[in-house]
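Observations on the model geometry
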Amino acid sequence: MGQIGRNDPCWCGSHKKYKQCHLAFDEKLKIFREKGYTVPEHDIIKTPEDIEGIKKSSEINRACLDYVAEHIGEGVSTQEIDEWVARITRDMGGTCATLGYEGFPKSVCTSINDQVCHGIPSEDDVLQNGDIVNVDCTTILNGYYADSSRMFIIGDVEPKIRQFVDDVHEAVNVGLKEVKPWVCLGDMGNAINMFCKSKGYSVVEEIGGHGCGRDFHEEPWVSFVSKPGTEMLMVPGLCFTIEPMVNMGKHDIFTDEDNGWTVYTDDGSLSAQWEVQLVVTETGYEILTW
Ligand code: MF3
Ligand code: CO
Ligand code: CO
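The next subject is the site of ligand 1. The environment of ligand 1 is formed by 14 residues, the closest being T98, H210, H217, E243 and E275. Here an oxygen atom of ligand 1 and a side-chain polar atom of E275 are 3.0 Å apart. In the complex, the protein chains occlude 96% of the 340 Å² of accessible area that ligand 1 would expose alone. Looking at side-chain class alone, the shell around ligand 1 contains 5 nonpolar, 5 polar and 4 charged residues.

In structure tokens, the structure reads:
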């Protein structure tokens, strides 16, 4: 990056002069890189125009999950949820990112009880009283990706299960408190892990969050069992998801060999997950979709 002149247009596409745009940012990044921190490449830093695009995609993403929240309940099949999401996304001009993604066959992921993630909607999976289910929806609009998920409780569940679902939601908020520019992602991941451990739960280690916006899964990969002062530096314009998968029992998981997708807890314990997509700002973060 030594070549770009102070008066040249900035690399970010803002049409501003470099000296009035990302020059100070690049100097700061260089200092952190020299100190040994992992810093993001320019190609994953979102411009204000990108953020606007992701926000429009997020409107569809939220509309899908709002509709699910209003209509989900006992007797609803996960296939119906898939159809709702497909219809709303289409009506609002978007497409569903999961449909055909590396061969995934449906428009949304629905993960019930001991399913950790990547549950495949099916007519055969009819929600029952006492189930907990994650609905994970990823939208594309004009090439911009919005990715979020929520938990839903079907009918009556034991208080400790409701508490578990609420605690995993709180775990995301605990992580969000650590999202600040020029701080490492590991601080955020560690905060989530410590919180979940303090409640007696365990955080899945192999699957995490990800950069998101111009593509479905971008750098960085985001761990929720990381250590403070490690992993990529968060900087303004970095856009990623916080989506810890938390098991009531042990952290071990396995993947369904028949469908190649659905991940389960090894010990059969319940698993919960909430997913938020955010962008790091000069002062903290802004939530894009949840
Ligand atoms: N939406 C998931 C995520 O949060 C990814 C689902 S990929 C699929 O990253 F292929 F399983 F749909
Ligand atoms: Co995601
Ligand atoms: Co998702």
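Before going further, it helps to examine the environment of R214. Mapped onto the elements of the fold, R214 is located in the loop between β8 (209-211) and β9 (218-222). In the structure, R214 is positioned 176 residues away from T38 in sequence and 21 Å away in space, judged by C-alpha atoms. In this view, R214 contacts D43, I45, K46, T47, D50, G143, Y144 and Y145; residues no more than four positions away in its chain are not counted. In terms of polar contacts, R214 uses its side chain to reach the backbone carbonyl oxygen of I45, at 2.9 Å.

Among the 10 residues that make up strand β5 (residues 144-153), 9 are buried, leaving the element largely enclosed by the rest of the structure. A loop of 2 residues connects strand β4 (residues 132-141) with β5, the two strands running antiparallel in sequence, and N142 in this loop sits at a positive phi of about 50 degrees.

The next point concerns the nonpolar core. The biggest cluster of nonpolar side chains holds 46 residues, and the ones touching the most others in it are M188, F240 and I242. Those elements giving two or more residues to this core turn out to be α1 (23-34), α4 (159-176), α5 (185-198), β10 (233-234), β11 (239-242) and β16 (276-280). For I242, the residues in contact, after removing those within four places along its chain, are V172, G175, L176, V179, M188, I192, F224, W274, E275, V276 and L278. In terms of nonpolar packing, the next biggest core, distinct from the first, is built from 20 residues, I60, V85, I88 and V135 among them.

The coordination sphere of the cobalt ion (ligand 3), as far as protein atoms go, consists of D136 (OD), D136 (OD), D147 (OD) and E275 (OE), spread over 2.0 to 2.4 Å. Geometry at the cobalt ion (ligand 3) is irregular, judged from its 6 donor atoms and the angles of 57 to 168 degrees they form at the metal. Sequence positions of the donors to the cobalt ion (ligand 3) reduce to the motif D-x10-D-x127-E. A separation of 3.3 Å is found between the cobalt ion (ligand 3) and the cobalt ion (ligand 2), which are bridged by D147. Note that D147 is positioned in strand β5 and E275 in the loop between β15 (271-273) and β16, a separation of 128 residues in sequence. Across the pair, exposure class does not vary: D147 and E275 are buried alike.

The subject of this paragraph is the packing of α4 against α5. Between α4 and α5, whose axes approach to 8 Å, the crossing angle comes to 150 degrees. As judged from the angle between their axes, α4 and α5 are roughly antiparallel. Once α4 is placed against α5, the crossing between them reads as right-handed. Contacts between α4 and α5 involve D167, E170, A171, V174 and G175 from the first element and M188, A191, I192, F195 and C196 from the second.

The sheet built from 3 strands is open, its strands ordered β3-β14-β13 with antiparallel pairing. One side of each edge strand has no neighbouring strand; the edge strands of this open sheet are β3 (115-117) and β13 (253-255). Averaged over all pairs of adjacent strands, the angle between their axes in this sheet comes to 40 degrees, without regard to strand direction. Where β3 lies against strand β14 (residues 263-265), 2 bridges are found, and the strand directions are antiparallel. Across the sheet, residue Q115 finds its bridge partner in β14, namely Y264.

Basis of the calculations
- Residues numbered from 1 in each chain as written.
- Chains lettered and ligands numbered in written order.
- Predicted model: local features only at pLDDT ≥ 70, side-chain atom pairs only at ≥ 80, totals over all residues.
- Heavy atoms only, no water.
- Near = heavy atom within 4 Å.
- Polar contact = N/O pair within 3.5 Å; in protein donor to acceptor, adjacent residues only side chain to side chain.
- Areas by Shrake-Rupley, 256 points an atom, 1.4 Å probe, with all protein chains shown as cover.
- Nonpolar A, V, L, I, M, F, W, Y, C, P; charged D, E, K, R; others polar.
- Helix = DSSP H or I, 4+ residues; strand = E, 2+ residues; numbered from the N terminus.
- Contact = heavy atoms within 4.5 Å.
- Buried < 20%, exposed > 50% of the residue type's maximum accessible area, 1.4 Å probe, protein only.
- Pairing = 2+ DSSP bridges.
- Core = buried A, V, L, I, M, F, W, Y, C linked by side-chain atoms within 4.5 Å.
- Donors = N, O, S within 2.8 Å, 3.2 Å for Na, K, Ca; no water.
- Tetrahedral: all angles 85-135°; square planar, octahedral: opposite > 155°, others 65-115°.
- Axes fitted to C-alpha atoms, helices over the stretch in contact; angles between N-to-C directions.
- Parallel < 35°, antiparallel > 145°, perpendicular 65-115°, else oblique.
- Left-handed = near helix turned anticlockwise from the far one by under 90°.

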